[in-house]
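Single-letter residue listing:
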Amino acid sequence: MWRSRWNDRNWERRVSEIETSLLSIDRLGDAAAIIAAGGIVAFPTETVYGLGADATNAAAILRIFEAKGRPSDNPLIVHVADVEGVFRVAKEVSPIAQKLIHAFWPGPLTIVMPKGEWVSEVLCAGLPSVAVRMPKHSVAIELIRRAGVPLVAPSANRSGRPSGTTWEAVQDDLSGRIDGIVCGEPTELGLESTVIDITQSPPCVLRHGAISLTALQAVCPDVVSLEDLKGVEQVRLRKSPGTRHRHYQPHARVMVAGLKTEVMGNTLSEGWASNPSSRAWIGLSSPNPVSDWRIIQVCENVDEYARVLFSFFREMDRLGIEAIVCESVPEVGIGRALMDRILRASVDE
Ligand code: AMP
Ligand code: MG
């Protein structure tokens, strides 16, 4: 059935009428066959769920943009099953790329490199570069292997919404718009990969993730972070896409508590839902007094906070919560990625 659907040139009009199969992880052969025929299937990785399609099939890639409602100027990450895969995707694998690959793959590091010839304009949103990652998740690796091609796999959520970290979240966002969901466990890290651009010098972190700036600098000492660049250079790299778009937002208003520095998002003192029954708190400590809150989620450590943040956002939406307050954490290790997501979620558009 998915075969005729994908061959049908009118699929765009029926994007919300697709029958989405729920596949257990022992049905990866079926998931791979759907992808090989141009279908799109969500699957677990160690970061968040990805929405996979054959990276060599431009029509399938277009379906990903359509299903997610993703702006066409925001390029996709190509996922490979082994280090050799990167040679199929990138034009050249520089010594810096090799060092990073050796140190961090498989794992949550996406490397932006000069793109190989066959990589489509649609995939890269017209940029001369391509982002590549080798995930560290047995289901993801096995699916890419069985599909026999690299997979594009953006986060499996409607564009602008919190990334899907459980198959149920993926189903809520994308059911009827994609062909299948491989139903694995909730994801281990809960935040998207670190993205580093090595097409320019010095190499620059475009998005923070579980691989910290410090860890990257231990391998490549001159790596910088986008926020640390000034003026023209930052403007040029901000053209790199994901940094421009609205991101990670639940329907509830997100505010940040305990920030000491000037911030771009809403702080707790600005706009505050008056009714305690519509407030939720998440952080490493408990708010005081607790009677001011309907929901309080205290995480044991920053790793757990990062792992549960997006599913907490989604659960609060389900409960009709109007205001979510996120306690700030020190911006070290994954704390930097966590604060990045919280601040982006807290920006009013
Ligand atoms: P997502 O797959 O939704 O987690 O987002 C992928 C992220 O990688 C976005 O922030 C993209 O802008 C970024 N990205 C993908 N390809 C490139 C590229 N060629 N150059 C710079 N950033 C990229
Ligand atoms: Mg995303």
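The preceding data block contains the structure.
This is a predicted model, so every value here is computed, not measured.

Trainee: Even after reading the chapter, I still don't get the overall build of the protein chain, so can you show me in this structure?
Mentor: Across its full length, the protein chain holds 12 helices and 15 strands. When contacts within the protein chain are restricted to residue pairs at least 6 apart in sequence, those whose partners lie at least 24 apart make up 67%. Taken as a whole, the protein chain presents about 15,000 Å² of accessible surface, with 50% of it coming from carbon and sulfur.

Trainee: I keep staring at the pattern of salt bridges and nothing clicks. Help me out?
Mentor: Between side chains of opposite charge, pairing is possible as soon as their charged atoms come close. This model, assessed by the stated rule, comprises 12 salt bridges. Salt-bridge contacts for Arg63 lead to Asp179; the nearest nitrogen and oxygen are separated by 3.0 Å. Of the two residues, Arg63 sits in helix H3 (residues 58-68) while Asp179 sits in the loop between helix H8 (167-174) and strand S8 (180-183), which places them 116 residues apart along the sequence. Of the charged contacts, one joins Arg344 and Asp340 as a salt bridge, the two residues approaching to 3.0 Å between their closest N and O atoms. Taken together, the residues Arg344 and Asp340, both in helix H12 (residues 334-345) and four residues apart, mark about one turn of the helix. Across the pair, exposure class does not vary: Arg344 and Asp340 are buried alike. Through salt bridges with shared partners, a single ionic network connects Arg161, Asp173, Arg314 and Asp317.

Trainee: Hey, could you run me through the sheet that holds strand S15 (residues 323-327) in this one?
Mentor: Through backbone hydrogen bonds, the strands of a sheet pair up, either in parallel or in antiparallel fashion. With parallel pairing, four strands are arranged side by side in an open sheet as S12-S15-S13-S14. Looking at strand neighbours, the two that pair on one side only are strand S12 (253-257) and strand S14 (295-298), the edges of this open sheet. For this sheet the average axis-to-axis angle between neighbouring strands, irrespective of direction, equals 15 degrees. Its contacts with the sheet place H12 against S12 and S15, and it is angled at close to 130 degrees to S12.

Trainee: Can you walk me through H12 in this structure?
Mentor: Counting along an α-helix, one turn takes 3.6 residues, and residues three or four places apart therefore face a common direction. Helix length check: H12 (12 residues) gives 17 Å between terminal C-alpha atoms against 16 Å at 1.5 Å per residue, within 8%. Of all 12 residues making up H12, 12 are buried, and the element is well covered by its neighbours. When we look at burial in H12, the residues that qualify are Ile334, Gly335, Arg336, Ala337, Leu338, Met339, Asp340, Arg341, Ile342, Leu343, Arg344 and Ala345.

Trainee: I would appreciate a short explanation of the side chain of Ser163 in the present structure.
Mentor: Tracing the chain through its elements places Ser163 in the loop between strand S7 (151-152) and H8. With relative accessibility at 2%, the residue Ser163 sits in the buried group. Excluding residues that lie within four positions of it along the chain, Ser163 makes contacts with Val48, Ser155, Asn157, Glu192, Tyr248, Phe310 and Arg314.

Trainee: Is there a simple way to explain the packing of aromatic side chains in this structure?
Mentor: Applying the stated criterion to the full structure yields three aromatic pairs. With a centroid separation of 5.4 Å and an interplanar angle of 70 degrees, the aromatic rings of Trp281 and Trp293 are classed as edge-to-face. Note that Trp281 is positioned in strand S13 (residues 279-283) and Trp293 in the loop between S13 and S14, a separation of 12 residues in sequence. For the pair Trp281 and Trp293, a shared accessibility class is recorded, and that class is buried. For the ring pair Phe310 and Phe313, a centre distance of 6.4 Å and an interplane angle of 55 degrees mean the geometry is tilted. Placement of the pair is Phe310 and Phe313 together in helix H11 (residues 302-319), with a separation of three residues, close to one helical turn. What links up through ring pairs into an aromatic cluster is the set Tyr248, Phe310 and Phe313.

So, how was this worked out
Residues numbered from 1 in each chain as written. Chains lettered and ligands numbered in written order. Predicted model: local features only at pLDDT ≥ 70, side-chain atom pairs only at ≥ 80, totals over all residues. Heavy atoms only, no water. Helix = DSSP H or I, 4+ residues; strand = E, 2+ residues; numbered from the N terminus. Contact = heavy atoms within 4.5 Å. Areas by Shrake-Rupley, 256 points an atom, 1.4 Å probe, with all protein chains shown as cover. Salt bridge = Lys/Arg side-chain N within 4 Å of Asp/Glu carboxyl O. Buried < 20%, exposed > 50% of the residue type's maximum accessible area, 1.4 Å probe, protein only. Pairing = 2+ DSSP bridges. Axes fitted to C-alpha atoms, helices over the stretch in contact; angles between N-to-C directions. Expected span 1.5 Å × (residues − 1). Phe/Tyr/Trp six-rings, centres within 6.5 Å; stacked < 30°, edge-to-face > 60°.

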